[in-house]
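Coordinate inspection notes
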Amino acid sequence: MDTPPLASGLYIVATPIGNLGDITRRAADILARCDVIACEDTRVTGKLLNHLAIRKPMRRYDDHASADQRERLLAEMAEKSVVLVSDAGTPLISDPGYRLVREARERGLPVTSLPGPSAMVVALTLAGLPTDRFLFAGFLPSKDKARGDTLGALAAVPATLVFYETGPRLVASLEAMAQHLPGRELAVARELTKLHEECRTGSAAELAAHYAAHPPKGEIVLLAGPPPEPDAPEGDDVDALLRVALAEASPSQAAAKVAKAHGLDRKALYARAMELKEAP
Ligand code: SAM
């Protein structure tokens, strides 16, 4: 079917991560109307295009492409509509495209992005871990020392951590998390949107034991919930904190200070501070 051409520029197009039904109508429309498709692997993208009954010229592109290849694509964008897709999911998310988008923007070329599937978002919405704040950290390094250092650097971040992972490395990563991210709730989200989709939650030790016994197949997102809250002080501990604060502040100020530092109820602390002041 003939479709009207698109305005020139770069179109970032997200594609399914396993279930072809997840292609958006807008993505299919832009793929059908563009002049050129830049992709990681012409065979992989060719299958998607076959499914959509679309035939288009394809150019292989990744961020390690030569400056000449990138230059050619940028030159095409000035006159033609160029779509960038990756093998699956959203381009630029642990996938090529960053350099191309940056250079296109620097040259004032039109760039637009069509939202669609990304494994990290699917996993986050599935795992039941806090989603109000999260940090996506891509793939962990494969070497033990570098993996431990990366996890150590992320350990204090008060957010759910999201990683891409592979089956052969999963158990080693879970064991490293048991050591560097103790006390967290973890989730392994596997084969998302596909027939054997699975999301398993538990401690790092539980999940490591499970996957050591059942080596995982397919694609994986690994998530770690935020660091556990330190136990709130109570009883004698609270009295000790209040006494220290009362040594240099009024009961009201002491209560406010301890409440803020430990996430405790200010009114209750004030009442206790008054008691301590009267009968130290
Ligand atoms: N750009 C893609 C996206 O937006 O999700 C990610 C590309 S990255 C090279 C590939 C990794 O994403 C896989 O190794 C896996 O960790 C994760 N992934 C992709 N599809 C997945 C799926 N269906 N289920 C679980 N993880 C998936």
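For the structure, see preceding data.
Cut-offs and rules
Residues numbered from 1 in each chain as written. Predicted model: local features only at pLDDT ≥ 70, side-chain atom pairs only at ≥ 80, totals over all residues. Heavy atoms only, no water. Near = heavy atom within 4 Å. Polar contact = N/O pair within 3.5 Å; in protein donor to acceptor, adjacent residues only side chain to side chain. Areas by Shrake-Rupley, 256 points an atom, 1.4 Å probe, with all protein chains shown as cover. Helix = DSSP H or I, 4+ residues; strand = E, 2+ residues; numbered from the N terminus. Nonpolar A, V, L, I, M, F, W, Y, C, P; charged D, E, K, R; others polar. Domains from an automatic or database assignment. Pairing = 2+ DSSP bridges. Axes fitted to C-alpha atoms, helices over the stretch in contact; angles between N-to-C directions. Contact = heavy atoms within 4.5 Å. Disulfide = S-S within 2.5 Å. Buried < 20%, exposed > 50% of the residue type's maximum accessible area, 1.4 Å probe, protein only. Arc of directions from axis to C-beta. Phe/Tyr/Trp six-rings, centres within 6.5 Å; stacked < 30°, edge-to-face > 60°. Core = buried A, V, L, I, M, F, W, Y, C linked by side-chain atoms within 4.5 Å.

A word on the site of the ligand
- As a matter of local geometry, the ligand sits amid 19 residues, with Ile93, Asp95, Ser118, Ala119 and Ile220 nearest to it.
- At 2.6 Å from an oxygen atom of the ligand is found a main-chain nitrogen or oxygen belonging to Ile220.
- For the ligand, whose unbound accessible area comes to 570 Å², protein coverage reaches 90%.
- Of all the secondary structure elements, the ones that give two or more residues to the shell around the ligand are β7 (160-166) and β10 (219-224).
- The greatest single-element share of the shell around the ligand, amounting to three residues, is contributed by β10.
- Grouping the amino acids of the shell around the ligand by side-chain chemistry returns 10 nonpolar, four polar and five charged.
- Counting the residues that make up the shell around the ligand, at least three belong to each of domain 1 (9-117) and domain 2 (120-224).

Remarks on the sheet that holds strand β3 (residues 58-60)
- The strand order across the open sheet formed by five strands is β3-β2-β4-β1-β5, and the pairing between neighbours is parallel. Two strands bound the open sheet, and with one partner strand each, they are β3 and β5 (111-114). Strand-to-strand twist in this sheet, taken as the mean axis angle between neighbours without regard to direction, amounts to 25°.
- Where strand β2 (residues 36-39) lies against β3, three bridges are found, and the strand directions are parallel. In the sheet register, Ile37 faces β3, and the bridge partner there is Met58.
- Of the strands in this sheet, β1 (9-13), β2, β4 (81-84) and β5 touch helix α1 (residues 25-33), which is tilted by about 135° from β5.

Some thoughts on the state of the cysteines
- Throughout the structure, instances matching the rule amount to zero disulfides.
- This cysteine, Cys34, is not joined by any disulfide, and Cys39 carries the nearest cysteine sulfur, 11 Å off.

Quick look at helix α5 (residues 119-127)
- Those residues of α5 not exposed but buried are Ala119, Met120, Ala123, Leu124 and Ala127. Summarising the axial view, the buried residues of α5 lie within an arc of 130°, below the 170-degree limit, and thus occupy one face.
- Residues of α5 that are buried make contact with β6 (134-139), β7, β8 (186-190), β9 (198-202) and β10.
- Taken from the residues just after α5, Gly128 is the one with a positive phi, measuring 75°.

Considerations on the packing of aromatic side chains
- One pass over the full model with this rule turns up two aromatic pairs.
- Seen in terms of ring centroids, Phe136 and Tyr164 are 5.0 Å apart; in terms of plane orientation they differ by 70°. Their pairing is edge-to-face. Of the two residues, Phe136 is situated in strand β6 and Tyr164 in strand β7; the sequence distance between them amounts to 28 residues.
- Connected via pairs of aromatic rings, a cluster forms that spans Phe136, Phe139 and Tyr164.

What about the nonpolar core?
- Ranked by internal contacts, the top residues of the largest apolar core, which has 20 residues, are Phe163, Leu174, Met177 and Val188.
- Sorting the residues of this core by element identifies α6 (144-154), β7, α7 (167-180), β8, α8 (204-213) and β10 as the ones contributing at least two each.
- Counting residues per element, this core draws most heavily on α7, at five residues.
- Of all hydrophobic cores here, the second largest spans 17 residues; its members include Cys34, Ile37, Leu48 and Val83.

Thoughts on the side chain of Thr15
- Tracing the backbone shows Thr15 in the loop between β1 and α1.
- Thr15 sits in the buried class, given a relative accessible area of 2%.
- Sequence-distant contacts of Thr15, that is, excluding residues within four places in its chain, are made with Ile23, Leu48, Val85, Ser86, Asp87, Ala88, Gly89 and Pro117.

Digging into the sheet that holds β7
- Pairing in this open sheet of five strands is mixed, and the strands run β6-β7-β10-β8-β9 from one edge to the other. Edge positions in the open sheet fall to β6 and β9, since each of these has one partner strand only. Averaged over all pairs of adjacent strands, the angle between their axes in this sheet comes to 20°, without regard to strand direction.
- Across five bridges, the pairing between β8 and β10 is antiparallel. Bridged to Ala189 within β10 is Val221.

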